[in-house]
Amino acid sequence: MKASKKQKIKKPMSLMKKILLVILAVAAVIGIIYLAYYLINYTFYDKYEDYLTSYEYEEGADYHTLSDSGKEVVGMDLVAENDTLKLYTNTETAEIAVYDKRNGEITYSNPQDADEDSIANGTNKDYMKSQFILYYYNADVKSGTFDSYSMAVEKGQLEVESIENGVRYIYTLGDFETSRTGNIPLYITPELLADLQSKVDEKTATSLGRYYGESETVEGMLELNGVIQRNVKTIAKIQGWFDELGWTDEQYEEQMALAGVEVEQPISFIVPVEYRLNGDSVDVSIPTSQIEEFGGGSVYRIQLLRYMAAADMEEEGYMVVPNSSGSLINFNNGKTNVAQYSQYIYDLDPISANYTTTENLDSVKLPLFGICREDTSVLATVEDGATIAQITAGVSGVYGEYNYVYPSFTLRTADNLQMFGDSATEVYVLEPEMYDCNLTVKYTFLTEENKGYAGLANYYRNRLLAEGRLKDNDTSGDIPFYYDIIGSVKETSHILGVQYLHNFAMTTFEEAETIFKEFAAAGITNQVMNYQGWMNGGYYHDTADKIRVVSKLGGKSGLERLNETVAAGGGRFYGDVAFQNVSFVDDGFNYSAEGSRYYGAGYVVSFGLVNPTTLRATSGLGYYENKYDLLSPKYLPRYVDKFSSKITKMDVDGVSLRDLGNYLHSDKKRTNVITREEAYDVVMGQWETLETTGKNLMATAANDYTFGYVTDIINAPIMPNDFFIVDEDIPLYEMIIHGNINYSTELLNFYDQQDMTEVILNMIEYGAAPHYVFTWEESSEMKQTALNRYYATTYANWKDEAMDVYNQVNAALKEVSGATMINHEIIEEDLRKVTYDNGVSIYVNYSNDDKSIDGITIKANSYEMEGI
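Residues numbered from 1 in each chain as written. Predicted model: local features only at pLDDT ≥ 70, side-chain atom pairs only at ≥ 80, totals over all residues. Heavy atoms only, no water.

A. Spotlight on the overall build of the chain. The number of helices and strands found in the chain is 17 helices and 46 strands. Oriented by its inertia axes, the alpha-carbon framework of the chain measures out at about 140 × 100 × 45 Å. When the 868 residues of the chain are sorted by exposure, 57% land in the buried category. Of the roughly 37,900 Å² of accessible surface on the chain, 47% is carried by carbon and sulfur atoms. Of the charged side chains in the chain, 68 are positive and 130 negative; the average position of the first set lies 14 Å away from that of the second. (Helix = DSSP H or I, 4+ residues; strand = E, 2+ residues; numbered from the N terminus. Buried < 20%, exposed > 50% of the residue type's maximum accessible area, 1.4 Å probe, protein only. Areas by Shrake-Rupley, 256 points an atom, 1.4 Å probe, with all protein chains shown as cover. Lys, Arg positive; Asp, Glu negative; His and termini not counted. Charge placed at Lys NZ, Arg CZ, Asp CG, Glu CD.)

B. Structural detail: the pattern of salt bridges. Going through the model one piece at a time under the given rule, you end up with 33 salt bridges. Across the salt bridge formed by Asp100 and Arg102, the nearest N and O atoms sit 2.8 Å from each other. Between Arg168 and Glu161 there is a salt bridge whose closest N-O contact spans 2.8 Å. Three or more residues are tied together by salt bridges with common partners; here these are Glu58, Glu161, Arg168, Glu274 and Arg276. (Salt bridge = Lys/Arg side-chain N within 4 Å of Asp/Glu carboxyl O.)

C. How the structure looks around the sheet that holds strand β3 (residues 85–90). Reading across from one edge, β2-β3-β4-β5 is the order of the four strands in this open sheet, with antiparallel pairing throughout. The open sheet has two edge strands, β2 (77–81) and β5 (106–108), and neither has a second partner. For this sheet the average axis-to-axis angle between neighbouring strands, irrespective of direction, equals 25°. Sheet topology note: the strand β4 (residues 95–100)/β5 ladder contains three bridges and is antiparallel. (Pairing = 2+ DSSP bridges. Axes fitted to C-alpha atoms, helices over the stretch in contact; angles between N-to-C directions.)

D. Quick peek at the sheet that holds strand β6 (residues 132–137). Ordered in space as β7-β6-β16-β23-β22-β19, the six strands form an open sheet in which the pairing is antiparallel. With partners counted over all chains shown, the strands left at the sheet margins are β7 (143–147) and β19 (341–344), one partner each. Across the sheet, the mean angle separating the axes of adjacent strands is 20° when strand polarity is ignored. Judged from the three bridges that link them, strand β16 (residues 298–304) and strand β23 (residues 404–410) form a sheet pairing that is antiparallel. Pairing of Gln303 across the sheet is with Ser408, part of β23.

E. Region of the structure containing a nonpolar patch on the surface. A surface patch of nonpolar side chains, amounting to about 390 Å² of accessible area, comprises Met13, Leu20, Leu21 and Leu24. Considering the arrangement of structural elements, one finds Leu21 in helix α1 (residues 15–43). (Patch = residues over 30% accessible without salt bridge, like charges linked within 9 Å, V, L, I, M, F, W, Y side chains within 5 Å.)

F. Representation of the pairing of strand β42 (residues 831–836) within the structure. By the criterion of burial, β42 is predominantly enclosed, with six of the six residues buried. Alternating positions in β42 separate into two faces, Leu831, Lys833 and Thr835 on one and Arg832, Val834 and Tyr836 on the other, with burial throughout. Pairing analysis gives six bridges linking strand β41 (residues 821–828) to β42, with the strands arranged antiparallel. Residue pairing across strands places Met821 opposite Tyr836, the latter belonging to β42. Connecting β41 to the next strand, β42, in antiparallel fashion are two residues. Counted along the chain from β42 to the antiparallel partner strand β43 (residues 841–845), the turn is four residues long, and its residue Gly839 has a positive phi close to 90°.

G. Inspection of the environment of His771 at higher detail. Turning to its location among the elements, His771 is positioned in strand β40 (residues 771–774). As a C-alpha pair, His771 and Ser744 span 27 residues in sequence and 5.8 Å in three-dimensional space. Residue contacts for His771: discarding those within four places in its chain leaves Tyr482, Tyr483, Asp484, Ile714, Asn715, Ser744, Thr745, Glu746, Leu747, Leu748 and Asn749. A distance of 3.1 Å separates the side chain of His771 from the side chain of Asn715, its partner in a polar contact. (Contact = heavy atoms within 4.5 Å. Polar contact = N/O pair within 3.5 Å; in protein donor to acceptor, adjacent residues only side chain to side chain.)

H. Representation of unusual backbone geometry. Its identity is not glycine, yet Ala701 carries a phi of approximately 45°, on the positive side. Note on placement: Ala701 falls in the loop between β36 (696–700) and β37 (712–714). Positive phi outside glycine occurs at Asp854, with the angle close to 55°. Residue position: Asp854 is located in the loop between β44 (851–853) and β45 (856–858).

I. Structural context of the side chain of Thr447. In this structure, Thr447 sits in the loop between β26 (438–446) and α9 (452–466). A relative accessible area of 16% means that Thr447 is categorised as buried. Excluding its chain neighbours within four sequence positions, the residues that come into contact with Thr447 are Asp100, Arg102, Asn103 and Asp375.

J. Local environment of helix α7 (residues 232–244). Taking 1.5 Å of rise per residue, 13 residues should cover 18 Å, and α7 covers 19 Å from first to last C-alpha, within 8% of that figure. Within the span of α7, buried status applies to Val232, Thr234, Ile235, Ile238, Gln239, Trp241 and Phe242. The N-terminus of α7 is capped by Asn231, whose side-chain oxygen sits 3.1 Å from the backbone nitrogen of Lys233. (Expected span 1.5 Å × (residues − 1).)

K. The side chain of Asn526, seen in detail. By secondary structure assignment, the location of Asn526 is in the loop between α10 (509–521) and β30 (527–532). A relative accessible area of 14% means that Asn526 is categorised as buried. Within the structure, the side chain of Asn526 is placed 2.9 Å from the backbone oxygen of Asp478, a separation counted as a polar contact. Once you skip the residues sitting within four places of it in the chain, Asn526 turns out to touch Asp478, Ile479, Pro480, Phe481, Gly570 and Arg572.

L. Broad picture of the packing of aromatic side chains. In the structure shown here, the tally under the stated rule is 47 aromatic pairs. Summarising the aromatic geometry, the rings of Tyr42 and Tyr635 are spaced 5.9 Å apart at their centres and angled 80° between planes, so their arrangement reads as edge-to-face. Here Tyr42, found in helix α1, pairs with Tyr635, found in the loop between β34 (628–630) and α13 (636–647); they are 593 residues apart in sequence, far enough to count as distant. Accessibility classification places Tyr42 together with Tyr635 in one group, the buried group. Lying over the aromatic face of Tyr399, Arg306 brings its terminal NZ or CZ to 5.5 Å of the ring centre. (Phe/Tyr/Trp six-rings, centres within 6.5 Å; stacked < 30°, edge-to-face > 60°. Lys NZ or Arg CZ within 6 Å of the ring centre and 35° of its normal.)

As structure tokens, then:
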């Protein structure tokens, strides 16, 4: 009988295994969905690229000159001319000169008697004869300096081309006398060269024969021509020929051994500098895309035209620098033992700044500087590259006999990286790519009509108006009265031992209406209310991609009713919003993906308040809300687009930009570096977007690039930074915008003067309206919150003083509301005269004595008006 076959019975899957598989499948699906979401929303999001700008590089032509019957500049060629100016150059020194047909003035790029300077040493004389000074890192991230004169011009390493309306110089900087030119042999036997020539075309063979000649130092060998050795482009061409021939390092070493010479590749650079006539200006440019680096060198900074229009020790005049609202440095002021003036335009990129804050300075708002003589001035404006530029000024007697002011541009940074968190293992990591930017400075030559700093301001204002970068304004009557309202504030609470943040109202919308009505009843109708903490969790609000009006304040209906009340009463209402600084308490913000990062360590960039003990600007001072991440410029368009689409549906007349008008930062994330210049392009695109909402726009401490968009500016710079080298402070910023943009002081609640007289006089001189911050509740209610620094905000305590200050300032400035500030004079140390285009002049006397001028007596610590 046949045995039956045993069957294997399959056991049913256990319930636990089924559940586990389901969980794993669900987790896999969720993971795939999240990965897709992450890729779409973060990795592949690239709308910011729509806002990036570019430039074109003009191909040069053979150098040629123009016929010059006048020959106004001896020893130089005329290379460009228009109805106003002539541009000359010396091709031996690369100097340029500009002849002004209107007055016969000649402005030189370099001092013409540098070698006779009795103060300058050899290095500083070279700097005087240079058109730029280049700072670089070597392969070990050690810094070095090349000046264009000693490292290019003096060595004959200079080419010149003609371009439209101007001239281009191409400098090859480097010391090639003992260099290794790749593996091209400096010496070669005649037999070997003949063999190589036989393997190439006739033209190349002829060129090789021309490049090598009989050596005077090594008998029996041919030597590469010395001029060719210094020409990096030709060396690169020869290297290509040798590479095609299969030339090897062994052959190179053999030829060098026969000659007994060993040469290394030097650090060198090719840098173009362009000069173009443009109306009454000369545009000076360095297109960084055309800078070439060799021998392991990496450019990180360039000083441009350090001595352009420099004034010697016999001249009278001053330099205008954009310190705070503006300052003057007199020629030859004798301050030779103090530091130069130096500030970054729009402040230093926070990602490049030190955590430690050792000084508290107002940032530069204007990308300009000037050199003013008795009847003429030169206005310099940084047209491209302002976000990576700094302005430096110095006086005679330190480095030489000249007073100078110039821009520098930072083209890459070296970030420090600590291995294993140990400072002893700190290394520097260099950004691999230079920032691609057409660095451009416009030098405008002003005649007697626009002489001095007042003429400089008038010219620049008119230019901004003509270019649409400043709005016309036909306002008149009472000046604005600015005040911030603090609405909702976060406070730490506990429930069942668990800590959490809850919102409470410091000023409801209804209470803010009462404040407005009380000021209106007192005769102040031109009120500008900036309501802070109205949405998304209060003052330190969540990201603005959505708008949730805080219900405890009165909700959306209460907000719109407040806006209606303010508008009906003749005022302007603004809702405050921050886009770029995202508080740590925003749990919905993906800081890891959306935050800007440092290049070296790759950390997310975060800041806070300055700790008074450590001076580090990363402290919350006990409150998490005070610390914040920086939103990467890559994602800024997303948030602005969403906010704009929502705010247009709300009956709110104005938006106040807390950080979009005065804050520019890059993102150094290694896989997607966004430079500060690119960030500027993105920010400008967002101003365009916000303008399309039809809302009034207001900015805090606004930089100049906002002027074409804003109706109001709060916290305008009117208090100077104390640089020892500065001689006078001037309202340059205010002279440019007065009559076109309304602006205020910083918050007056926190001025430490017992007597407000000087502050009031300062507002009158600078044409600035007062600015306060109010809360309906006692400010002590914020003592245990992140806003405890606002210790003096209670409306009931400030109402009378604020109205008194406003009425004093308004009594003077209502006569010039909407007028242009066309002149400002420093008559004496404590006496100023401000003139407006409506014929009104204001004399301001800061001294304790009466002053008489122009038949007018101005009482001590007071002002007088003329022309009303």
